[in-house]
Protein chains: 2
Amino acid sequence: MPGPSVLIHPDVRDVPVTEVLFALSDPARLAIVRELADGPLDMADCTAVPDMPKSTRSHLMKVLREAGVIRNEPVGRNRRISLRRDDLEAAYPGLLDAVLGAARD
Amino acid sequence: MPGPSVLIHPDVRDVPVTEVLFALSDPARLAIVRELADGPLDMADCTAVPDMPKSTRSHLMKVLREAGVIRNEPVGRNRRISLRRDDLEAAYPGLLDAVLGAARD
DNA sequence: GGCATGGTTCGATCATACTTGAACGATCGG
DNA sequence: CCGATCGTTCAAGTATGATCGAACCATGCC
């Protein structure tokens with residue numbers, strides 16, 4: 001799989017709310033999160049923000065991952081990205097739903 | 001009252017969620033918001049973040065105000081700061097409650 | 001009016017985050 | 001194995017936000 005086989009996924013309860021909010025406060029990152037709301041996606045299929053260099057996209061994923069918002073795991077030669085709904089719900093109840101429920105900008 | 005008699009308070013529905021999230025993603029600003037959860041406060045009584053230059057504090061308030069999170073209105077020689085709970089609830093249901101409900105960092 | 005009070009605004013400096021190409025790493029298919 | 005593929009990591013440049021003193025402004029009070 002591309003890059004290191006294992007990436008760090010923090011316990012969401014160790015992540016300050018402010019960091020979660022910050023991760024969600026960027027339009028491109030939020031677009032990705034909304035896209036993932038319907039289910040996991042291979043990275044290559046995250047078309048929410050098109051025409052973006054892979055390094056930039058990878059960086060967005062890193063911010064989301066380090067904030068505990070998404071999971072990024074290798075599968076074959078790709079990477080599967082998924083929302084950490086349950087973990088987020090346990091740490092910050094209602095937060096993700098409220099954000100996802102917000103009208104599109 | 002200090003400064004201009006009227007400050008701009010946007011319609012929260014015109015403020016992108018991302019901007020609201022960003023305003024709340026700073027520890028100092030979030031501390032202010034939490035302090036206001038119990039009711040309006042004169043600016044001088046916002047002690048959540050002590051020992052801060054007034055220009056810095058004023059800037060934090062500006063970011064929160066422009067994001068539609070707080071109201072800042074003159075009263076006598078002071079300024080009254082209040083949470084725009086109802087407006088936020090109407091625009092982004094559940095969001096503020098979820099953030100306020102989050103465990104303190 | 002004159003002055004003290006409480007905040008905003010301006011401008012400059014500094015810190016943080018975004019962006020991107022290039023290099024590297026891990027896998028799969030022949 | 002070997003090359004191609006898909007992402008991550010690195011490093012450098014750029015942009016955006018925080019910080020804070022100084023200047024300014026509107027009010028209340030004498």
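First, a word on what this report is: a plain description of the structure on this page. What you see is a predicted model, and the numbers here were worked out from it, not measured in a lab.

### Describing the relation of the copies chain A and chain B
Between the two copies of the chain lies a rotation about an axis combined with a shift along it.
Here is step 1: At an RMSD of 0.0 Å, chain A and chain B line up after a rotation of 180 degrees and a shift of 0.0 Å along the axis. In symmetry terms, the pair is related by a two-fold rotation axis.
Here is step 2: Comparing interface residues between copies, 100% of those in chain A also sit at the interface in chain B, which points to an isologous, same-surface contact.

### So, helix 2 (residues 27-36) of chain B
Residue and element names in this part refer to chain B.
Here is step 1: The element helix 2 is largely enclosed, with a buried count of eight among its ten residues.
Here is step 2: Buried within helix 2 we find Ala28, Arg29, Leu30, Ile32, Val33, Arg34, Glu35 and Leu36.
Here is step 3: Among the residues of helix 2, the N-terminal cap falls to aspartate 26, whose side-chain oxygen and the backbone nitrogen of alanine 28 are separated by 3.1 Å.

### Remarks on the pattern of salt bridges
Here is step 1: Across all of its chains, the model carries ten salt bridges over all chains by this definition.
Here is step 2: Between arginine 84 of chain A and aspartate 87 of chain A there is a salt bridge, with the nearest N and O atoms lying 3.0 Å from each other.
Here is step 3: For aspartate 87 of chain A, a relative accessible area of 30% gives the class partly exposed.
Here is step 4: Linking aspartate 11 of chain B and arginine 13 of chain B is a salt bridge whose minimum nitrogen-to-oxygen distance equals 2.9 Å.
Here is step 5: Under the relative-accessibility criterion, aspartate 11 of chain B is labelled partly exposed at 32%.
Here is step 6: Overall, arginine 13 of chain B belongs to the exposed group, its relative accessible area being 64%.
Here is step 7: It is possible to trace a salt-bridge network through shared partners that takes in Arg71, Arg84 and Asp87 of chain A.

### Some words on the side chain of arginine 57 of chain A
Residue and element names in this part refer to chain A.
Here is step 1: Locating arginine 57 in the fold gives a position in helix 3 (residues 54-66).
Here is step 2: The side chain of arginine 57 sits in the buried core without any salt bridge; glutamate 35 is the nearest counter-charge, 6.5 Å away.
Here is step 3: Separated by 2.6 Å, the side chain of arginine 57 and the backbone oxygen of cysteine 46 make a polar contact.
Here is step 4: Filtering out sequence-adjacent residues up to four positions away, arginine 57 remains in contact with Met43, Cys46, Val49 and Met52.

So, how was this worked out
- Residues numbered from 1 in each chain as written.
- Chains lettered and ligands numbered in written order.
- Predicted model: local features only at pLDDT ≥ 70, side-chain atom pairs only at ≥ 80, totals over all residues.
- Heavy atoms only, no water.
- Least-squares fit on C-alpha atoms with pLDDT ≥ 70 in both.
- Contact = heavy atoms within 4.5 Å.
- Buried < 20%, exposed > 50% of the residue type's maximum accessible area, 1.4 Å probe, protein only.
- Helix = DSSP H or I, 4+ residues; strand = E, 2+ residues; numbered from the N terminus.
- Polar contact = N/O pair within 3.5 Å; in protein donor to acceptor, adjacent residues only side chain to side chain.
- Salt bridge = Lys/Arg side-chain N within 4 Å of Asp/Glu carboxyl O.
- Lys, Arg positive; Asp, Glu negative; His and termini not counted.

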